[in-house]
Amino acid sequence: YRFYGEPVVKACVENGANYIDISGEPQFLEGMYLKYNGKAAEKGVYVIGSCGFDSVIADMGVIYTRDKLKGTLTAVESFLKVKSGPEGSCVHDGTWNSAVYGLAEQDNLRKLRKEIGYSPVPVVGAKLKRRGFAFYSQEFKEYCLPFMGSDVSVVKRSQRYLHTELQETPVQYGAYVNIGGLGSLIKLMFAGILFFLLVKFSFGRKLLTKYPAFFSAGFFTKDGPTQKQMDETSFTMTFFGEGYSEGQDPQKGKPNVKICTEVKGPEPGYVATPIAMVQAAVSLLEDVTCLPKQGGVYSPAAAFSKTKLIDRLNEGGVEFSVISNPEV
């Protein structure tokens, strides 16, 4: 999307066509907001990014968790686990290239956000503590890392919109990924250090994009996964939420209620993503009265929080469920 996305957004806005994408690149997503939000609003066009795996799952997962809690949800942490079969799993190198250029452009992303001039999202309730770079999860009995994708930035944009425009209580959010045992963690950390060193230099970026399979130990390839790999792969995203029971003031005292929800589905990149994208498009066409009143550039939950998208995803095979009901 960084290299090829904008002409499509521009053409849609100018010609009055609604637009959905599966981008996970914050610089592209927020750049389109800066450039086209006003024009899209004038034209009555909806431009909605991140409608594939994984950001639409994270964004709508927070909404689902909020709606299932009897009280006020103030913080959520999500944990992504991808399971694969004997042949393992892999992803096409397009995702790898997005990560390479995304990390290389961090300074430009900060400048872009300064130019947009985001209003700060207020912290309601106890502040969500950031976890360390690597930690052992007692819930999953395995090591976890902060998730490096766009989920946190997408959810934050949605929560800012829902708070500013609809006066809803904003939810703090942290995203993590399950790695497995200590051996997996050590391997990933060494690969990560090499990646971060190379991504800083143009020759390093050339090496990373030319030989994705080598530098990712076969996880990112120019061919993508086989059909068998896709058939044997699935994902689970678990959400741990906390908040305040009905009648309890979120600005006083510690959270006194917790909830755990889950979204699970088939292979994320090539099976769950088209399901999510198509159901988002169907919601855009059929849930018109539930969309924001005017067009613009939106994140998924900002556009779809009042629609039937979660029901549609459930019917399509991406299942949302409550694992443990709210407990004081």
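This is a predicted model, so every value here is computed, not measured.

Undergrad: Would you explain the sheet that holds strand E11 (residues 296-298) in this entry?
TA: Strands in a sheet are paired, the pairing made by backbone hydrogen bonds, and the direction either parallel or antiparallel. Pairing is parallel across the open sheet formed by three strands, whose spatial order is E1-E2-E11. A strand with exactly one partner marks an edge of an open sheet, and here the two such strands are strand E1 (19-20) and E11. With three bridges joining them, strand E2 (residues 46-48) and E11 adopt parallel strand pairing. When the bridges of E11 are listed, Tyr46 appears paired with Gly296. On the sheet, helix H2 (residues 26-43) packs against E1, E2 and E11 and is oriented at approximately 150 degrees with respect to E11.

Undergrad: Hey, could you run me through the pairing of strand E10 (residues 257-266) in this one?
TA: Consecutive residues of a regular strand have side chains that alternate between opposite faces of the sheet. Counting buried positions along E10 gives seven out of ten residues, so the element sits mostly inside the fold. Where strand E9 (residues 234-245) and E10 come together, ten bridges link them in antiparallel fashion. If you follow Thr236 over to E10, its bridge partner there is Lys264.

Undergrad: Whenever I open this one, the pattern of salt bridges confuses me. Can you help?
TA: Scanning all chains against the criterion turns up 14 salt bridges. One salt bridge connects Glu6 with Lys35, and the closest N-O pair in it is separated by 3.0 Å. Here Glu6, found in helix H1 (residues 6-15), pairs with Lys35, found in helix H2; they are 29 residues apart in sequence, far enough to count as distant. You can call Glu6 partly exposed: its relative accessible area is 24%. On the basis of relative accessibility, which here comes to 47%, the residue Lys35 falls in the partly exposed class. Across the salt bridge formed by Lys306 and Glu168, the nearest N and O atoms sit 2.6 Å from each other. Linking Lys306 in the loop between helix H12 (300-304) and helix H13 (309-316) with Glu168 in the loop between helix H6 (151-166) and strand E7 (172-180), this pair joins segments that are 138 residues apart in sequence. Where salt bridges share partners, they join Arg66, Asp67, Glu168 and Lys306 into one cluster.

Undergrad: Just checking my understanding: could you explain the pairing of strand E6 (residues 142-146) for this structure?
TA: With three bridges connecting them, strand E5 (residues 135-137) and E6 associate as antiparallel partners. Each bridged residue has a counterpart across the sheet, and for Tyr136 the counterpart in E6 is Tyr143. Connecting the antiparallel pair E5 and E6 is a turn made up of four residues, with Lys141 showing a positive phi of about 55 degrees. Of the strand pairs in this sheet, E6 and E7 are connected by four bridges, and their pairing is antiparallel.

Undergrad: How do you make sense of the packing of aromatic side chains when you look at a structure like this?
TA: We describe a pair of aromatic rings using the distance from one ring centre to the other and the angle between the two ring planes. All told, the structure shown has 20 aromatic pairs when counted by the stated rule. Arranged with centres 5.7 Å apart and planes meeting at 75 degrees, the rings of Phe79 and Phe240 form a pair that is edge-to-face. Taken together, the positions of Phe79 in strand E3 (residues 71-83) and Phe240 in strand E9 put the pair 161 residues apart, joining distant regions of the chain. Look at Phe79 and you get buried, because its relative accessible area is 1%. Note on Phe219 and Phe220: the rings are 5.0 Å apart at their centroids and 90 degrees apart in plane angle, and the pair reads as edge-to-face. Classification of Phe219 by relative accessible area gives partly exposed; the value is 34%. Connected via pairs of aromatic rings, a cluster forms that spans Phe79, Phe135, Phe140, Tyr176 and Phe240. We note Arg131 situated over the ring of Tyr176; from NZ or CZ to the ring centre the distance is 5.8 Å.

Definitions and cut-offs
- Residues numbered from 1 in each chain as written.
- Predicted model: local features only at pLDDT ≥ 70, side-chain atom pairs only at ≥ 80, totals over all residues.
- Heavy atoms only, no water.
- Pairing = 2+ DSSP bridges.
- Helix = DSSP H or I, 4+ residues; strand = E, 2+ residues; numbered from the N terminus.
- Contact = heavy atoms within 4.5 Å.
- Axes fitted to C-alpha atoms, helices over the stretch in contact; angles between N-to-C directions.
- Buried < 20%, exposed > 50% of the residue type's maximum accessible area, 1.4 Å probe, protein only.
- Salt bridge = Lys/Arg side-chain N within 4 Å of Asp/Glu carboxyl O.
- Phe/Tyr/Trp six-rings, centres within 6.5 Å; stacked < 30°, edge-to-face > 60°.
- Lys NZ or Arg CZ within 6 Å of the ring centre and 35° of its normal.

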